[in-house]
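Structure at a glance
So you can see what is in the structure, the chains are spelled out below.
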Amino acid sequence: MNIYLIGMCVAMVIYIAIGAVISRKVKNAEDFYVAGRNAPVLLIAGSMIASYTSTGMFMGDAAQCYDGAFVPIIIFAGMQSAGYIIGAIFFGRYLRRSKALTIPEFFGQRFNSNKMRILAAITAIITMTVYLLSVIQGIGTLMTVVTGVDYNICITLALIVFAFISITSGSRGVLITDTLMASVFTFSLIIAALFIAKNSGGGWFETLGSLADNPKTQDLVVWSGRPGALYDTGAENIVWGLTYGIAWMSVCMVGPWQSSRYQMARNESVVIKAAFPAALGVFVLEFLAGISAVMVNAANPDMEDSSHVMIWAAMNLMPKLIGVILLTGVLSAGISSAATFLSLIGASFANDIAQAEGNRSIKISRISMAIVCVVVLTLAIVKPPSIFWIMIMGVAIVASSWMPVAIASIFSKRLTKAGAFCGMLCGFVSCFVVNFYTVSAEVTLPPYLDPSIIGMACNIIAMVIATKLTKVTPEEKAEREKLFVIPESERNRGEIKAIFKATRISVLVGISVCVLLTVLWILPSSI
């Protein structure tokens, strides 16, 4: 048993132990689904960072950056970070105000429509199952490459860990383990990036400077990127970054594994405050993973499988202990995301499909999670890993089917249940069909025809047409008006001032990002 496997096993045992302890505090469905609606800023922000930061970032995005797509990845990272702030202000606080246990339940309440609730639940379950498959394949690949243990055994071990956390402790356990895991991989990535810079080319400035001066590697750090990494021209790469940025910004605004955290917040002030550290944290992690992968080119420019770039760096460019911490952090990132997805899948099955209540709801949720685990494990064994593109498919579906309807459900007085239903359905189907066609036919569409963009366009068109042909009912009007009634508990002057103060932090977040990019990327690659 090598030291990397020992580190991973120790971490998994700790996470299981935490889940077991927390499970004893689950008393009812509200505890199980929304952590008693009493989570502070630290847990909400930590969980949002953890549920985003999975093997998709460490193995998918990092691979793209190693191959030469750093600038497009950073463009989408900046745009998606803005999605946290926009989503909290324009969707998250209204979502929490609805007191719904799940986001599909929110849609059902808002439009007084059980069909809308079920449709939202189906799209959520499909999307999160796709993403769960991506994560578990990433975990399996990581553990197999690092430890030499059989891939099937690795994914089974990881599945046992996140399934135990989700099934026994629900959202309360997921929140706490998410925050712990976020701390582990954030610390490990910061330290690892410094060692990668030092041992790849002598230091941060020296490594990026040598890459920029070398004709064979200078396109890794310039705006156009390396031809062929994504598309053949720099303009196409940038357009891809923008379209993918729109998709991920939509996910961070309304995606079930992100906005569902707001339902667990102690109050609306926590919803707003948590968005800022989540936005900055996710961007910093995405930047560090991407720039670290770029710098690995200075030490190993001919890696056969670029999805292993961070694994290779951990095992070759840093002290063994730091490498163990980094790879354990990557494992933690995957497990945290998987636990979030699985818990939300169970919630949608029990609360929105079966529409059970109380202890029966919890029982159905746990059974459904167990069944999904078996299905995902089977698919992960049968289908070979394709982490980056599976992840993109899941993201595109959420962006297409949810985002336009979610925002319009808050701010449109004219949107009807028929409009919302048709918009979500058309967005989902059109995106799924385009995705399926491109993957099965091995066709690459122009970046401006990304499936998420096509899906959102179809969503909006269908939503407008169906709304024109129908009328808002008194029940729908009343449900929307409820969302704009500020609860007495939220009218505390101190909390209101705190919210306004928190929104000013967005300026500091923007400045911090500009300084980070200037000091750690632009200057080193220009000198």
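Residues numbered from 1 in each chain as written. Predicted model: local features only at pLDDT ≥ 70, side-chain atom pairs only at ≥ 80, totals over all residues. Heavy atoms only, no water.

Moving on, we get to the overall build of the protein. Check the secondary structure of the protein and you find 21 helices and zero strands. A compact globule built from 527 residues would reach a C-alpha radius of gyration of about 24 Å, and the protein, at 22 Å, matches this within 12%. Seen through its C-alpha atoms, the protein measures out along the principal axes to roughly 65 × 55 × 50 Å. Relative to its full complement of 527 residues, the protein shows a buried share of 59%. (Helix = DSSP H or I, 4+ residues; strand = E, 2+ residues; numbered from the N terminus. Rg over C-alpha atoms; globule rule 2.2 N^0.38 Å. Buried < 20%, exposed > 50% of the residue type's maximum accessible area, 1.4 Å probe, protein only.)

For Ser 260, the location among the structural elements is in the loop between helix H11 (256–259) and helix H12 (268–296). Among the polar contacts made by the side chain of Ser 260, one reaches the main-chain carbonyl oxygen of Pro 256 at a distance of 2.5 Å. Only 3.2 Å separates the side chain of Ser 260 from the side chain of Arg 261, close enough to count as a polar contact. Excluding residues that lie within four positions of it along the chain, Ser 260 makes contacts with Ile 103, Gly 255 and Leu 344. (Polar contact = N/O pair within 3.5 Å; in protein donor to acceptor, adjacent residues only side chain to side chain. Contact = heavy atoms within 4.5 Å.)

Per the stated rule, a full pass over the model turns up 17 aromatic pairs. A centroid spacing of 5.2 Å and a plane angle of 50 degrees characterise the contact between Tyr 94 and Phe 484, whose relative ring orientation is tilted. Placement of the pair is Tyr 94 in helix H5 (residues 70–97) and Phe 484 in the loop between helix H20 (474–482) and helix H21 (493–526), with a sequence separation of 390 residues. Look at Phe 484 and you get partly exposed, because its relative accessible area is 35%. Seen in terms of ring centroids, Trp 240 and Tyr 244 are 4.6 Å apart; in terms of plane orientation they differ by 35 degrees. Their pairing is tilted. With Trp 240 and Tyr 244 both in helix H10 (residues 234–254), this residue pair falls four residues apart, about one helical turn. The exposure classification of Trp 240 matches that of Tyr 244, with both residues buried. Ring pairs connect the aromatic residues Tyr 52, Tyr 131, Trp 248, Trp 257 and Phe 341, which therefore count as one cluster. (Phe/Tyr/Trp six-rings, centres within 6.5 Å; stacked < 30°, edge-to-face > 60°.)

We now examine the nonpolar core. Of all hydrophobic cores here, the largest spans 169 residues; its most connected members are Phe 107 and Phe 287. Residues contacting Phe 287, with those up to four places away along its chain left out, are Phe 70, Ile 74, Trp 204, Leu 516, Leu 517, Leu 520 and Trp 521. (Core = buried A, V, L, I, M, F, W, Y, C linked by side-chain atoms within 4.5 Å.)

The next point concerns a nonpolar patch on the surface. There is a patch of nonpolar side chains on the surface, built from Phe 205, Val 507, Leu 508, Ile 511, Val 515, Val 519 and Leu 523 and spanning about 600 Å² of accessible area. The leading source of residues in the nonpolar patch is H21, at six residues. Position of Val 507 relative to the elements: it lies in helix H21. (Patch = residues over 30% accessible without salt bridge, like charges linked within 9 Å, V, L, I, M, F, W, Y side chains within 5 Å. Areas by Shrake-Rupley, 256 points an atom, 1.4 Å probe, with all protein chains shown as cover. Salt bridge = Lys/Arg side-chain N within 4 Å of Asp/Glu carboxyl O.)

Our focus in this paragraph is the pattern of salt bridges. Going through the model one piece at a time under the given rule, you end up with six salt bridges. For Arg 172, the salt bridge goes to Asp 31, with nearest N and O atoms at 2.8 Å. Of this pair, Arg 172 sits in helix H8 (residues 151–201) while Asp 31 sits in helix H2 (residues 29–34), placing them 141 residues apart in sequence. Judged by relative accessible area, which is 22%, Arg 172 ranks as partly exposed. The closest approach of N and O atoms between Asp 352 and Arg 117, which form a salt bridge, is 2.9 Å. Taken together, the residues span a long stretch of sequence, with Asp 352 in helix H14 (residues 320–353) and Arg 117 in helix H7 (residues 114–147) at a distance of 235 residues. As far as burial versus exposure is concerned, Asp 352 and Arg 117 are alike and both buried.

This part covers the side chain of Asn 297. For Asn 297, the position within the fold is in the loop between H12 and helix H13 (309–316). Apart from the residues lying within four places of it in its own chain, the contact partners of Asn 297 are Tyr 66, Leu 211 and Leu 220.

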